[in-house]
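# Per-entry structural report
These are the residues of each chain, in order.
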Amino acid sequence: MLRNFSRIPALAALLLALSATAVRADAIDGDWCHADGRKLSINGTALTTPAGNKLTGDYDRHHFAYVVPAGEPGTGAKVSIVLLSELQMRLKPPAGEEQDWRRCGKPVS
């Protein structure tokens, strides 16, 4: 019976290691998709807008803000983005209703 108890620390360490690898980082970085087909990408302070413009914005792990570049609707206005969960974020455009976006799935080849 004592021999079975000696395996508990090793089993606990294995379970802890497996659960740690299954948890994803909680950050706004990544590729985001809207239900209407638009996409945007955040990588630290770098953003690619739905129109394909690359710019720099204000970043922290759960928020992002940027000024709409020339040539896009709302030029010069500020857009705010808030991470709601690992799979969902909310974007507040310069005009109109707030928008819910979801992480894009992996591309299918």
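Being a predicted model, the structure only gives us computed values, none of them experimental.

### As for the pairing of strand β2 (residues 39–43)
Burial along β2 is one-sided: Leu40 and Ile42 are buried, and none of Lys39, Ser41 and Asn43, which face the opposite way, are. Sheet analysis places strand β1 (residues 30–33) next to β2, joined by 4 bridges and oriented antiparallel. Counted as the bridge partner of tryptophan 32 is leucine 40 from β2. The pairing of β2 with strand β3 (residues 46–48) spans 3 bridges and is antiparallel. By the bridge assignment, serine 41 is partnered in β3 with threonine 48. Counting the residues between successive antiparallel strands, the hairpin from β2 to β3 contains 2 residues, one of them, glycine 44, with a positive phi of roughly 65 degrees.

### A few points about the pattern of salt bridges
Per the counting criterion, the structure on display carries 4 salt bridges. Close ionic contact of arginine 103 with glutamate 86 constitutes a salt bridge, the shortest N to O distance being 3.4 Å. One end of the pair, arginine 103, is in strand β9 (residues 99–103); the other, glutamate 86, is in the loop between β7 (78–83) and β8 (88–92), with 17 residues separating them in the sequence. Linking aspartate 100 and arginine 90 is a salt bridge whose minimum nitrogen-to-oxygen distance equals 2.7 Å. Of this pair, aspartate 100 sits in strand β9 while arginine 90 is found in strand β8, placing the two residues 10 residues apart along the sequence. On the accessibility criterion, arginine 90 (31% relative accessible area) is partly exposed. Three or more residues joined by partner-sharing salt bridges are found here, namely Arg90, Glu98 and Asp100.

### Description of the state of the cysteines
Should the sulfur atoms of two cysteines be covalently bonded, the bond is a disulfide. Within this structure, the stated rule accounts for 1 disulfide. Between the sulfur atoms of cysteine 33 and its disulfide partner cysteine 104 the distance amounts to 1.9 Å. Taking the sign of the S-S torsion, about 110 degrees here, the bridge from cysteine 33 to cysteine 104 comes out right-handed. Of the two residues, cysteine 33 sits in strand β1 while cysteine 104 sits in the segment after β9, which places them 71 residues apart along the sequence. Overall, cysteine 33 belongs to the buried group, its relative accessible area being 19%. Among the residues examined, cysteine 104 registers a relative accessible area of 23% and is labelled partly exposed.

### With respect to the nonpolar core
Within the largest apolar cluster, 15 residues are counted, with the highest numbers of intra-cluster contacts made by Trp32, Leu40, Ile42, Tyr66 and Ile81. If you list the elements that add at least two residues to this core, you get β2, β6 (63–67), β7 and β8. Per element, the largest residue contribution to this core is 3 residues, and it comes from β7.

### A look at the environment of valine 79
Checked against the element boundaries, valine 79 lands in strand β7. Put simply, valine 79 and phenylalanine 64 are 15 residues apart on the chain and 8.3 Å apart in space, counted from C-alpha to C-alpha.

### Describing the sheet that holds β3
Either a parallel or an antiparallel arrangement is found when strands of a sheet pair, and the pairing is made through backbone hydrogen bonds. On the basis of which strands lie adjacent, the open sheet formed by 9 strands has the order β4-β3-β2-β1-β9-β8-β7-β6-β5 and antiparallel pairing. Sheet topology places β4 (54–56) and β5 (58–60) at the edges, where each strand pairs with a single neighbour. Adjacent strand axes in the sheet meet at a mean angle of 25 degrees when their direction is disregarded. As paired elements, β7 and β8 share 4 bridges and run antiparallel to each other.

The rules behind the values
- Residues numbered from 1 in each chain as written.
- Predicted model: local features only at pLDDT ≥ 70, side-chain atom pairs only at ≥ 80, totals over all residues.
- Heavy atoms only, no water.
- Buried < 20%, exposed > 50% of the residue type's maximum accessible area, 1.4 Å probe, protein only.
- Helix = DSSP H or I, 4+ residues; strand = E, 2+ residues; numbered from the N terminus.
- Pairing = 2+ DSSP bridges.
- Salt bridge = Lys/Arg side-chain N within 4 Å of Asp/Glu carboxyl O.
- Disulfide = S-S within 2.5 Å.
- Core = buried A, V, L, I, M, F, W, Y, C linked by side-chain atoms within 4.5 Å.
- Axes fitted to C-alpha atoms, helices over the stretch in contact; angles between N-to-C directions.

This is a description of form; function is not addressed.
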